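Listed here are the chains, written in short residue letters.
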Number of protein chains: 2
Amino acid sequence: MTDFKQAIIVREDIGMSRGKMVAQACHASLGVYRKTPETQRQRWEEQGAKKIVLEAGDTDLIEIHEQAKSNGVPSYLVQDAGMTELEPGTKTAVGIGPAEEDKIDNITGELRLVE
Amino acid sequence: MTDFKQAIIVREDIGMSRGKMVAQACHASLGVYRKTPETQRQRWEEQGAKKIVLEAGDTDLIEIHEQAKSNGVPSYLVQDAGMTELEPGTKTAVGIGPAEEDKIDNITGELRLVE
């Protein structure tokens, strides 16, 4: 059986506090979940709702978002409202999936895990 | 109109990596979202889906979870499967709400924001 996972890709280059980064990642995770068909969500949850957290820059986030969309993988790009730490419209995170693990890996490619 | 928010409370005392902490917070955020009535979810989303990220210890997480439940606020306690960094069953995070801001504040009380 194919494993499903969700990838959450966050910026680490814009000096977000830990709390800010967590909140943006949660926006991404939930935002893309809401766009994912119920059958995919169910399979993912039955398998333990695996999530991986990766880091990328501004341009990468847009590319990942576009590539996911063109591959038919649900994707959600988070732009900050700029109320607290960042300029309005700053891209902070993108969530993709849940989808089949190989489809996610094809899109996230060489991105590094957040440690 | 009452403001709605979601609180995500995470452990900072167990040496989780940043990526691990983000993943646990996303489990909490999504887990409690799924338990929240649709009307509350909609009001929260219309207001921008505000999320705050707080820190607490092991005992606090259980207390928060119990207090939320007894106050009728949706709550989801995350216990790690122990596959990577932690002992199986370690409580890592709790998500509460979305719910009215004052109800959330009553439960989270004096907890500090994650910075």
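Residues numbered from 1 in each chain as written. Chains lettered and ligands numbered in written order. Predicted model: local features only at pLDDT ≥ 70, side-chain atom pairs only at ≥ 80, totals over all residues. Heavy atoms only, no water.

### What to know about the relation of the copies chain A and chain B
Copy one and copy two of the chain differ by a rotation about a common axis and a shift along it. Of the transformation superimposing chain A on chain B, the axial component is 0.0 Å and the angular component is 180°, with the fit at an RMSD of 0.0 Å. Classification of the inter-copy transformation places it as that of a two-fold axis. Of the interface residues in chain A, 100% have counterparts in chain B that sit at the interface too, so the contact is made through matching surfaces. (Least-squares fit on C-alpha atoms with pLDDT ≥ 70 in both. Contact = heavy atoms within 4.5 Å.)

### So, the interface of chain A and chain B
Taken together, the contact between chain A and chain B spans 23 residues of the former and 23 residues of the latter. Where chain A abuts chain B, roughly 2100 Å² becomes buried across the two surfaces, and 67% of that area is made up of carbon and sulfur atoms. A per-residue breakdown of the area chain A buries against chain B is headed by A:Arg18, A:Val22 and A:Leu30, which together make up 31% of the total. Linking chain A to chain B there are four salt bridges. Where A:Arg18 meets B:Glu12, a salt bridge forms, and the shortest distance between an N and an O atom there is 2.8 Å. The interface formed by chain A and chain B contains 10 residue pairs in polar contact (both at pLDDT 80 or more). (Buried area = accessible area lost by both parts, 1.4 Å probe. Salt bridge = Lys/Arg side-chain N within 4 Å of Asp/Glu carboxyl O. Polar contact = N/O pair within 3.5 Å; in protein donor to acceptor, adjacent residues only side chain to side chain.)

### As for the pattern of salt bridges
Residues and elements named next belong to chain A. Summed over the entire model, instances satisfying the criterion amount to 24 salt bridges over all chains. In this structure, the salt-bridge partner of Glu 55 is Arg 112, at a minimum N-O distance of 3.5 Å. Of the two residues, Glu 55 sits in strand 2 (residues 51–55) while Arg 112 sits in strand 5 (residues 112–113), which places them 57 residues apart along the sequence. On the basis of relative accessibility, which here comes to 58%, the residue Arg 112 falls in the exposed class. Here the salt bridges share partners, and the residues they tie into one network are Lys 5, Lys 50, Glu 101 and Asp 105. (Helix = DSSP H or I, 4+ residues; strand = E, 2+ residues; numbered from the N terminus. Buried < 20%, exposed > 50% of the residue type's maximum accessible area, 1.4 Å probe, protein only.)

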